[in-house]
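Commentary on secondary and tertiary structure
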Amino acid sequence: MAYTQPTNGAGVEKNGIPPGKPMSIGTHMLDKGAKMLQSLKPIKQMSQHACTFALYSQDMSRQIETHHYITRINQDFLQCVVYDSDDSSGRLIGVEYIVSDRIFDTLSPNEQKLWHSHAYEIQSGLLVHPRIPEMVAKPELENMAKTYGKFWCTWQTDRGDKLPIGPPSLMMSPQEEEEITMVKPELVEKRDDKYNISTAAIRGSRTDIMGPGKLNPMADYWREHKKCFGIDVESAEMKKLTTFP
């Protein structure tokens, strides 16, 4: 039987605070000790914080502000953990993988359908590096404008879910072709007020940033085909286990 969690969050407890008891003194002590004794190397490789916006593939009227904490593996591949805010109470809502146009062009067409382009997101000023001067961020922005991302949202906090409910949702990036994919002005205004920036002014400063020579037509698949991709969960036969003497 397929998993049938309603997409509107019906039946899910609201207010976004996960259920559970307050942390005990013992847990606090363990956390402090772990910070001193463990390396946490993968986390320490995160070198950038980018703030932008994302749209649910199956319902692009649902738009969210996202905070990406980025680890650059090499010049062609980045991995990001995505939070719903940059506050200490920010919730981990997903993961995004980012590849250069060179790598994207090597993927199979079926795989490319799951990815979105970043050119408009960069050129429009929607993606910013909070508190980093544009002059400092510009070389990275020029690189990012030529990339493609695959973003899975695992926790739909925008509908008030207290826990990560149901299968992940594929997320899309804002685009200019369709009105429904334009980010809602109130979301941009709220973000700009928080960081004391102007997306409109940033957009004007990025007129010389170019995307790929030609956007791969398989990315942002919905634009041409008006179809989205969703995940359902179905029961399946377990692979027969091999026994050993």
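Residues numbered from 1 in each chain as written. Predicted model: local features only at pLDDT ≥ 70, side-chain atom pairs only at ≥ 80, totals over all residues. Heavy atoms only, no water.

**Remarks on the overall build of the protein**
Looking only at helices and strands, the protein features nine helices and seven strands. Counting contacts in the protein only where the partners sit at least 6 residues apart, residues at least 24 apart contribute 67% of the total. (Helix = DSSP H or I, 4+ residues; strand = E, 2+ residues; numbered from the N terminus. Contact = heavy atoms within 4.5 Å.)

**Topic: the pairing of strand β1 (residues 48-56)**
With nine of nine residues buried, β1 lies mostly within the body of the structure. Of the two faces of β1, both are covered, the one formed by Gln48, Ala50, Thr52, Ala54 and Tyr56 as well as the one formed by His49, Cys51, Phe53 and Leu55. Taken together, the nine bridges between β1 and strand β2 (residues 59-74) define a ladder with antiparallel strand orientation. The partner of Phe53 across the bridge, within β2, is Glu65. Here β1 hands over to β2 after two residues, the two strands then running antiparallel side by side. When β1 meets strand β7 (residues 169-172), the two strands line up antiparallel, connected through two bridges. Pairing of Leu55 across the sheet is with Met172, part of β7. (Buried < 20%, exposed > 50% of the residue type's maximum accessible area, 1.4 Å probe, protein only. Pairing = 2+ DSSP bridges.)

**Quick word on the confidence of the model for the protein**
Here the protein averages 87 in pLDDT, and 88% of its residues register 70 or above. The low-confidence segment residues 6-14 (pLDDT under 50) makes 20 contacts with residues lying over four places distant or belonging to another chain. (pLDDT = per-residue confidence, 0-100.)

**Focus: the side chain of Thr71**
In this structure, Thr71 sits in strand β2. Residue classification places Thr71 among the buried positions, given a relative accessible area of 8%. Excluding residues that lie within four positions of it along the chain, Thr71 makes contacts with Pro42, Gln45, Met46, Leu78 and Gln79.

**A few points about a nonpolar patch on the surface**
Where nonpolar side chains cluster on the molecular surface, the patch consists of Leu40, Ile43 and Met46 and spans about 240 Å² of accessible area. Note on placement: Leu40 falls in the loop between α1 (25-37) and α2 (41-44). We classify Leu40 as partly exposed; its relative accessible area is 36%. (Patch = residues over 30% accessible without salt bridge, like charges linked within 9 Å, V, L, I, M, F, W, Y side chains within 5 Å. Areas by Shrake-Rupley, 256 points an atom, 1.4 Å probe, with all protein chains shown as cover. Salt bridge = Lys/Arg side-chain N within 4 Å of Asp/Glu carboxyl O.)

**Some words on helix α7 (residues 185-195)**
Among all positions in α7, only Val188, Arg191, Asp192 and Tyr195 are buried. What you see down the axis of α7 is that its buried residues fit within an arc of 100°, all on one side. Away from its buried face, by an angle of more than 90 degrees, α7 presents the exposed residues Glu186, Glu189, Lys190 and Asp193. Residues of α7 that are buried make contact with β1, β2 and α8 (199-205). Just beyond α7, the residue with positive phi is Asn196, at close to 55°. (Arc of directions from axis to C-beta.)

**Remarks on unusual backbone geometry**
In this structure, Asn196 takes a positive phi of about 55° despite not being glycine. Its location among the elements puts Asn196 in the loop between α7 and α8. Residue class for Asn196 comes out exposed when judged on its relative accessible area of 72%. Even without a glycine there, the phi angle at Asp220 is positive, about 50°. Tracing the backbone through its elements, the reader meets Asp220 in the loop between α8 and α9 (222-225).

**What about the packing of aromatic side chains?**
For the structure on display, the rule yields five aromatic pairs. Note on Tyr221 and Phe229: the rings are 5.4 Å apart at their centroids and 45° apart in plane angle, and the pair reads as tilted. Classification of Tyr221 by relative accessible area gives buried; the value is 12%. Residue Phe229 is classed as partly exposed on the basis of its relative accessible area, which comes to 27%. Among the aromatic residues, those joined into a cluster by ring pairs are Phe104, Trp115 and Tyr148. Against the face of Tyr56 rests Arg62, its NZ or CZ located 3.9 Å from the ring centre. (Phe/Tyr/Trp six-rings, centres within 6.5 Å; stacked < 30°, edge-to-face > 60°. Lys NZ or Arg CZ within 6 Å of the ring centre and 35° of its normal.)

**Observations regarding the environment of Gln48**
Residue placement: Gln48 occurs in strand β1. As a C-alpha pair, Gln48 and His68 span 20 residues in sequence and 7.9 Å in three-dimensional space. When neighbours within four sequence positions are excluded, Gln48 is seen to be in contact with His68, Tyr69, Ile70, His129 and Glu140. A polar atom in the side chain of Gln48 sits 3.0 Å from the side chain of Glu140. (Polar contact = N/O pair within 3.5 Å; in protein donor to acceptor, adjacent residues only side chain to side chain.)

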